[in-house]
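Understanding the architecture of this molecule
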Amino acid sequence: MDASDIGGLGLSQLRTLWRNAQEQEADLSYLRRLLQGRMDILRAELDRRRVPHGAGPAAGRTDLLERLPAILADLPSTVRRPARHLTVGPPRGEEYRREADALMGDVQLADLAAHPTDDLLAAVERLTRHEREISGRRQLLQRTADDCSAEITRRYREGEARVDDLLAGG
């Protein structure tokens, strides 16, 4: 929704739009984290395949399951962004759960060794495209939530809305 359209909404409509945008953004954030984890696992398998079996320590041959904690560990971000409160948990909407399952296509993580390298590379590319699309959707929802929050704040600051009404359930 455009910021100029938000000004025409009633306070309860603004709050509903704000809440819905936050919930959908949290669901997409969860879906994005799933995608990133799956991409990390696929990339680790591709890296493992690049290490010749006779070279170096057994790092290239280590079982994927043993390496999962290191593969999925979040490294500190070098990008500074304002913090957002996110509820971590599975998506509330069934559509997001189905989307997460469908994105893997025919590459199942349980038996990566059974898939040719080209299939894994194609899966990483497909997941990367989906991750970018989901990031774009999240940004739009974040903008909507921010615009709603700014408008609600403006109304209270300028006296168009009153805290007493909020406390009374209005």
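Reading the values: rules and limits
- Residues numbered from 1 in each chain as written.
- Predicted model: local features only at pLDDT ≥ 70, side-chain atom pairs only at ≥ 80, totals over all residues.
- Heavy atoms only, no water.
- Helix = DSSP H or I, 4+ residues; strand = E, 2+ residues; numbered from the N terminus.
- Buried < 20%, exposed > 50% of the residue type's maximum accessible area, 1.4 Å probe, protein only.
- Contact = heavy atoms within 4.5 Å.
- Arc of directions from axis to C-beta.
- Axes fitted to C-alpha atoms, helices over the stretch in contact; angles between N-to-C directions.
- Parallel < 35°, antiparallel > 145°, perpendicular 65-115°, else oblique.
- Left-handed = near helix turned anticlockwise from the far one by under 90°.
- Nonpolar A, V, L, I, M, F, W, Y, C, P; charged D, E, K, R; others polar.
- Core = buried A, V, L, I, M, F, W, Y, C linked by side-chain atoms within 4.5 Å.
- pLDDT = per-residue confidence, 0-100.
- Salt bridge = Lys/Arg side-chain N within 4 Å of Asp/Glu carboxyl O.

What about the overall build of the chain?
For the chain, the helix and strand inventory stands at six helices and zero strands. In the chain, which comprises 170 residues, the proportion classed as buried is 31%. Long-range contacts, defined as pairs at least 24 residues apart, comprise 78% of the intrachain contacts of the chain with a sequence gap of at least 6.

A few points about helix 3 (residues 64-72)
Residue pairs spaced three or four apart in an α-helix point in one direction, given the helix's 3.6 residues per turn. If you check which residues of helix 3 are buried, you get Leu-64, Arg-67 and Ile-71. Projected onto a plane normal to the axis of helix 3, the buried residues spread over an arc of 65° and lie on a single side. Exposed positions of helix 3 whose direction lies more than 90 degrees from the buried face are Leu-65, Glu-66 and Pro-69. Lining the buried residues of helix 3 we find helix 2 (11-50).

A look at the packing of helix 2 against helix 5 (residues 117-157)
At a minimum axis distance of 7 Å, the contact between helix 2 and helix 5 shows a crossing angle of 155°. By the angle between their axes, helix 2 is roughly antiparallel relative to helix 5. For the pair helix 2 and helix 5, the sense of crossing is left-handed. Of the residues assigned to the contact of helix 2 with helix 5, the class counts are 22 nonpolar, 11 polar and 12 charged.

What to know about the nonpolar core
Taken as a class, soluble globular proteins show a tendency for nonpolar side chains to be buried jointly. Among the nonpolar cores identified, the biggest contains 21 residues, and Leu-28, Leu-31, Leu-42, Leu-103, Leu-112, Leu-127 and Ile-134 are the most heavily contacted of them. Mapped onto this core, the elements with two or more residues apiece are helix 2, helix 3, helix 4 (94-103) and helix 5. By residue number, the principal contributor to this core is helix 2, which donates nine residues. With residues up to four places along the chain from it excluded, the contact list for Leu-103 reads Leu-31, Leu-35, Arg-126, Leu-127, His-130 and Ile-134. Counting residues in each nonpolar core, the second largest holds five residues, with Ile-6, Leu-9, Leu-14 and Cys-148 among its members.

Side note on the confidence of the model for the chain
Atomic detail in the predicted coordinates should be set aside for any region of low pLDDT. A residue-level look at the chain finds 73% of positions with pLDDT of 70 or above and a mean pLDDT of 80. Put simply, helix 6 (residues 163-167) is where the chain has its lowest mean pLDDT, 70, and helix 5 is where it has its highest, 94. Taken together, the stretch residues 56-61 has pLDDT below 50 and engages in eight contacts with residues farther than four places along the chain or on a different chain.

Overview of the pattern of salt bridges
Evaluation of the coordinates by the stated rule reveals 11 salt bridges. With its nearest N and O atoms 2.4 Å apart, the salt bridge here joins Asp-47 to Arg-50. Highlighted residues: Asp-47 and Arg-50, both in helix 2, separated by three residues, approximately one helical turn. Look at Arg-50 and you get exposed, because its relative accessible area is 56%. Measuring nitrogen to oxygen at the nearest pair gives 2.8 Å for the salt bridge that ties Arg-154 to Glu-158. According to the relative accessible area criterion, Arg-154 is partly exposed, its value standing at 22%.

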